Amino acid sequence: MSNKTGKIIGIDLGTTNSAVAVMEGGSPKIIPTAEGSNIFPSIVAFKNDEVIVGASAKRQMVLNPETTVNSIKRFMGRKFKDKAVQAAIKHIAYELAEGKDGMVTAKINGKTYTPQEISAKILQKAKADAESYLGSKVERAVITVPAYFNDSQRQATKQAGEIAGLYVERIVNEPTAASLAYGLDKKDNQTIAVYDLGGGTFDISVLEIGGGVFEVKSTNGDTFLGGDDFDNEIIDWIVAEFKKQFGKDLSKDSQALQRVKDAAEKAKIELSSSQKVELNEPFIAQGDEGQPLHLTMALTRAKLEELTDDLIKRSFGPVRKAIKDSKIKVSEIDEVILVGGMTRMPKIQAEVKKFFGKEPHKGVNPDEVVAVGAAIQAGVIGGDVSDVVLLDVTPLTLGLETLGGVRTPLIERNTTIPTSKSQIFSTAADNQTQVEINVLQGEREMAADNRTLGRFVLDGIPPAMRGTPQIEVTFDIDSNGILNVSAKEKTTGKEQKITIQSSTNLSDEEVEKMKADAEKYADEDKEKKELIEARNKANSVAFELEKQLKEYGDKLDEKVKKEIEENVKKLKELSEKEDASKEELDKATEETFTSAQKMGEAMQKSQQAEAAKAAQGDKGEKDEKKKDEKGKGDKSKESAEEGEVVKE
Amino acid sequence: MIKKSTKKTTNNKKIVELQQQLADSLEREKRVLADYQNLVKRNREERIKFLQLANQSLVETLLSPLEHLGLAAEQIEDQGLNMVIRDFWQVLEEAGVEEIYPKGEKFDLETMEVTDKKGDGETVIKVVRRGYRLNGQVIQHAKVIVK
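All values derive from a computational prediction rather than experimental measurement.

K.L.:
For this particular structure, what's the right way to read the overall build of chain A?
P.N.:
For chain A, the helix and strand inventory stands at 16 helices and 26 strands. Looking at chain A residue by residue over its 648 residues, the buried ones come to 38%.

K.L.:
Hey, could you run me through the overall build of chain B in this one?
P.N.:
When helices and strands are counted, chain B shows 3 helices and 6 strands. For chain B, the sequential pattern of α-helices and β-strands runs α-α-α-β-β-β-β-β-β. Put simply, chain B has 147 residues, and 14% of those count as buried. Summarising the internal contacts of chain B: among those between residues at least 6 apart in sequence, 55% fall at separations of at least 24.

K.L.:
Help me out: how do you make sense of the interface of chain A and chain B in this one?
P.N.:
Interfaces are often sized by the accessible area lost when the parts come together. Every contact between the two is made by 16 residues of chain A and, on the other side, 24 residues of chain B. Put simply, the parts of the chain that give the side of chain A that touches chain B at least two residues each are helix H1 (55–59), helix H7 (254–270) and strand S16 (276–286) of chain A. Of all the elements, H7(A) adds the most residues to the side of chain A that touches chain B, at 3 residues. Of the residues in the side of chain A that touches chain B, the class split is 6 nonpolar, 8 polar and 2 charged.

K.L.:
Explanation requested: the packing of helix H3 (residues 115–134) of chain A against helix H4 (residues 151–163) of chain A in the structure shown.
P.N.:
Helix-helix packing is described using two parameters, namely the angle between the two axes and the distance between the axes. Residue and element names in this part refer to chain A. The geometry of H3 relative to H4 is characterised by a closest axis approach of 8 Å and an angle of 55° between their N-to-C directions. Taken together, the axes of H3 and H4 are oblique relative to one another. Remark: the crossing between H3 and H4 carries right-handed chirality. Listed contacts from H4 to Pro115, Gln116, Glu117, Ser119, Ala120 and Leu123 of H3 are Ala156, Gln159, Ala160, Gly161 and Ile163. Among the residues forming the contact of H3 with H4, the class breakdown is 6 nonpolar, 4 polar and 1 charged.

K.L.:
Could you clarify how one ought to interpret the nonpolar core in this entry?
P.N.:
As a rule of thumb, soluble globular proteins bury nonpolar side chains together. Formed by 89 residues in total, the largest nonpolar core has its most connected members in Ile9(A), Ile11(A), Ala21(A), Ala371(A), Ala374(A) and Ala375(A). If sequence neighbours within four positions are ignored, Ile9(A) has contacts with Val20(A), Val22(A), Ala130(A), Val138(A), Ala141(A), Ala375(A) and Ala378(A).

K.L.:
Help me understand the sheet that holds strand S24 (residues 471–477) of chain A in this model?
P.N.:
Strand pairing in a sheet relies on backbone hydrogen bonds, with the paired strands running either antiparallel or parallel. Residue and element names in this part refer to chain A. Reading across the sheet, the 4 strands line up as S21-S24-S25-S26 and stay open at both edges, with antiparallel pairing between neighbours. Edge strands, defined here as strands with exactly one partner in the open sheet, are strand S21 (419–425) and strand S26 (495–500). Across the sheet, the mean angle separating the axes of adjacent strands is 15° when strand polarity is ignored. The pairing of strand S25 (residues 483–489) with S26 spans 6 bridges and is antiparallel. Counted as the bridge partner of Ser486 is Lys497 from S26.

K.L.:
It is not clear to me how the packing of helix H13 (residues 522–552) of chain A against helix H14 (residues 558–576) of chain A should be interpreted in this structure. Could you clarify?
P.N.:
Residues and elements named next belong to chain A. One way to put it is that H13 packs onto H14 with a least axis distance of 9 Å and a crossing angle of 150°. In terms of axis orientation, H13 runs roughly antiparallel to H14. In this structure, H13 meets H14 at a crossing whose hand is left-handed. Taken together, the residues of H14 that come into contact with H13 (itself represented by Arg535, Ala538, Asn539, Val541, Ala542, Leu545, Glu546 and Leu549) are Ile564, Glu565, Val568, Leu571, Lys572, Leu574 and Ser575.

K.L.:
Just to check I follow, could you spell out the environment of Thr191(A) for this structure?
P.N.:
Its location among the elements puts Thr191(A) in strand S13 (residues 190–197). Spatially, the C-alpha atoms of Thr191(A) and Leu207(A) are 5.7 Å apart, while their sequence positions differ by 16 residues.

K.L.:
Can you walk me through unusual backbone geometry in this structure?
P.N.:
Residue and element names in this part refer to chain A. Its identity is not glycine, yet Ser71 carries a phi of approximately 50°, on the positive side. Summarising the element assignment, Ser71 is placed in the loop between strand S7 (68–69) and helix H2 (83–89). Owing to 19 C-beta atoms within 10 Å, Ser71 belongs among the partly exposed residues under this scheme. One non-glycine residue, Asn431, adopts positive backbone phi at about 55°. For Asn431, the position within the fold is in the loop between S21 and strand S22 (435–441).

K.L.:
When you look at the pairing of strand S1 (residues 8–12) of chain A in this model, what are you seeing that I'm missing?
P.N.:
Note on strand geometry: in a regular strand, side chains alternate between the two faces of the sheet. Residues and elements named next belong to chain A. Counting buried positions over the 5 residues of S1 gives 5, a clear majority of the element. Here S1 shows two buried faces, one formed by Ile8, Gly10 and Asp12 and the other by Ile9 and Ile11. With 5 bridges connecting them, S1 and strand S11 (residues 140–145) associate as parallel partners. Across the sheet, Ile9 pairs through a bridge with Ala141, a residue of S11. Sheet analysis places S1 next to strand S2 (residues 17–24), joined by 3 bridges and oriented antiparallel. Pairing of Gly10 across the sheet is with Ala21, part of S2.

K.L.:
Help me understand the sheet that holds S22(A), please; the structure alone is not making it clear to me.
P.N.:
All names here are of chain A. Spatial strand order, S20-S19-S22-S23: 4 strands in an open sheet with antiparallel pairing. The outermost strands of the open sheet, each flanked by one partner alone, are strand S20 (406–411) and strand S23 (451–458). Taken pair by pair, the neighbouring strands of this sheet meet at an average axis angle of 30°, ignoring direction.

K.L.:
Any chance you could explain the confidence of the model for chain B here in plain terms?
P.N.:
Any region with low pLDDT has predicted coordinates that should not be read closely. Put simply, chain B has an average pLDDT of 87, and 96% of its residues get 70 or more. Here the predicted complex carries an ipTM of 0.73, next to a pTM of 0.63.

K.L.:
Is there a simple way to think about the environment of Phe543(A) in this case?
P.N.:
All names here are of chain A. Structurally, Phe543 can be placed in helix H13. Judged by local crowding, Phe543 falls into the partly exposed class, with 19 C-beta atoms found within 10 Å. In this structure, the C-alpha to C-alpha distance between Phe543 and Arg466, residues 77 residues apart in sequence, is 9.5 Å.

K.L.:
Is there a simple way to think about the confidence of the model for chain A in this case?
P.N.:
Mean pLDDT over chain A: 84, with 88% of residues reaching 70 or higher. Low pLDDT, under 50, characterises residues 618–648 of chain A; the stretch is placed with 10 contacts to residues that sit more than four places away or in other chains.

K.L.:
Teacher, can you tell me more about the pairing of strand S5 (residues 137–140) of chain B here?
P.N.:
Examined bridge by bridge, strand S4 (residues 131–134) of chain B and S5(B) share 3 bridges and lie antiparallel to one another. Looking at S5(B), one finds that Tyr132(B) is bridged to Gln140(B).

K.L.:
Looking at this model, I keep getting lost on helix H3 (residues 79–94) of chain B. Mind explaining?
P.N.:
In an α-helix, one full turn covers 3.6 residues, which means residues spaced three or four apart are oriented alike. All names here are of chain B. Here H3 contains 16 residues, and its C-alpha end-to-end distance of 23 Å stays within 8% of the 22 Å for a straight helix at 1.5 Å per residue. H3 sits mainly on the outside: 0 of its 16 residues count as buried. In the stretch just after H3, Gly96 is the one whose phi turns positive, near 100°.

Criteria and cut-off values
Residues numbered from 1 in each chain as written. Chains lettered and ligands numbered in written order. Predicted model: local features only at pLDDT ≥ 70, side-chain atom pairs only at ≥ 80, totals over all residues. Helix = DSSP H or I, 4+ residues; strand = E, 2+ residues; numbered from the N terminus. Buried ≥ 20, exposed ≤ 12 C-beta atoms within 10 Å, placed from the backbone. Contact = placed C-beta atoms within 7 Å. Nonpolar A, V, L, I, M, F, W, Y, C, P; charged D, E, K, R; others polar. Axes fitted to C-alpha atoms, helices over the stretch in contact; angles between N-to-C directions. Parallel < 35°, antiparallel > 145°, perpendicular 65-115°, else oblique. Left-handed = near helix turned anticlockwise from the far one by under 90°. Core = buried A, V, L, I, M, F, W, Y, C linked by C-beta atoms within 7 Å. Pairing = 2+ DSSP bridges. pLDDT = per-residue confidence, 0-100. Expected span 1.5 Å × (residues − 1).

Okay, here's the thing in structure tokens:
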């Protein structure tokens, strides 16, 4: 395969762990290492002439600390005298020296390596694993770096790629990659906070996306805060508890300590999904008289949260600073993303949610999310991901105008297309023979505030009382975003339709503006809508009662009838009054209703009487037959039976 | 005349456009085909691997109680307990499980992990956690101390 057509891989070159992903069949896929795991330690070991990278290098780290290089990312593109370098030196066992132009170099077995060369070994492993997975040569990559990396650090990362035999198509910021993994590049004018708590470092970044460009507003972090600190808290607790119980210090016994370490790590992971774990390590030590001692204790999620509370709190110092530096209010942050294995901890998720006041994104595996984003960027460059966004959802709500200028939604926004939805509507006035369908797009409650996509008239509706005709309106959007609206009168089967080509081709700005307006005017719109609904209700109650008065009025007591008539009249007048408030309308509707209950009673009586009459009629017929059979009937008996029926 | 030549230019433009579209489509087709072939290959490999390691997760969950039994036997001299452990091991060996207990051996990167060292040598002086293989593949590295 030529260089141009080969796959481009996305690499998350991390301080503690690295991961590789690629676009495959249109979606990102993590490339497993030769050892079968999705991520691998960013550790390089030099053993004689051999270079070992990843999990194997980690397994022999204790044996050869001086020739095993970890956390090399901390030294990328930095000068030896940098404060950050001097702070990190304490945490490593291999030797660092000042190289060309005062830059950091690592001294291994008397040989000098630049951080670029060491990182290149990690990238070479990534390349080799990808080639074996894909079955073809890989020569191009997108590599991620922390948002705070300066030019020199980015340049060094690019060089590392080149040393590894990879043409670096692009250097992408880690928080940007995470945003890409969540598809946030498709949104416009959004502010995103990325909370990244990994194996050994914590980063917080505030980004702004506009016109497809991510801009880093601020970053902060703690270069020595990560998952290992959480493990250590649990280990210390287990050791202390055991000492309290048996007076034995497990940390003094290497075998016991190893078992405690393994148990602590396992417990930490399990407590992300369960509330309590049992730690059972029998025969972990011996008592003073040689008797076996067993470690058996329960660790609850609450206890873990208490133990690690300080660590979690520690992360929010940098978060506050980053927010302050970005000059953006916490409430203005639209999206929050969690990155790094430690963010699986429910307490961290809860604290992040509490701080930002919104649910963070966490669907993509937090260990892999950066590599996934890098692969998506690689896919865009390589043409696997088309820049033309395949429209898979409707950006705005589609609906139609109903009585009183209210917008009634049919297809809510963000509905995946193709889709179809029908609803039955009716007429608003007696003997109405046509209806106008005004197709609307937007989020506002009132029809006039939305965009009209098209309108058409369905006529030939048979004259009938309001509310009687059944008009089925169907909205259908095909996969190309073309909207077909049809209205069908159910009794006659008469139908009208319209096709709207441009239901979805709004620019991002237009969509955003419409959504923003909807939010801005939400309360006002709601009030307006409620007022109209109250007016509509008053109107229809008045109409309905008028109709019933005509029918049953003669059965009512004259006084009651008059009272109802007056109430209905008042209600009608009120509903036509421009400045009638919702409360007035609701109150009047309620009162009219109550007064009309007497009519209801009268109606019921009259209906029952009719039913009785009918029943009597039936019986009469039967009796008639009986009479015929018997020849003669008994009148007094008949009236008595009638009386009984009425009583029922 | 002018109209005609404009039409010709438009046609030529259209041809170039369509040729480009065709080239892009063919390129995409090749990629999709390659992706598919890789998927089939990988699927086959994964199935073989899956069959070989079908018991892996069950075996892995048994490792801890198995190790605890071993620890018990070291502390308690009991013939019955030893019989239980032997029984247990017989079943596991049939399923392809092997123990890695490299005490006295030279450190081997493929099967071990060093947790501590007591000198400059590479000989395992203590096994702090036993390792295991399943059908020849290491599923838990032995954790060792070397001297």
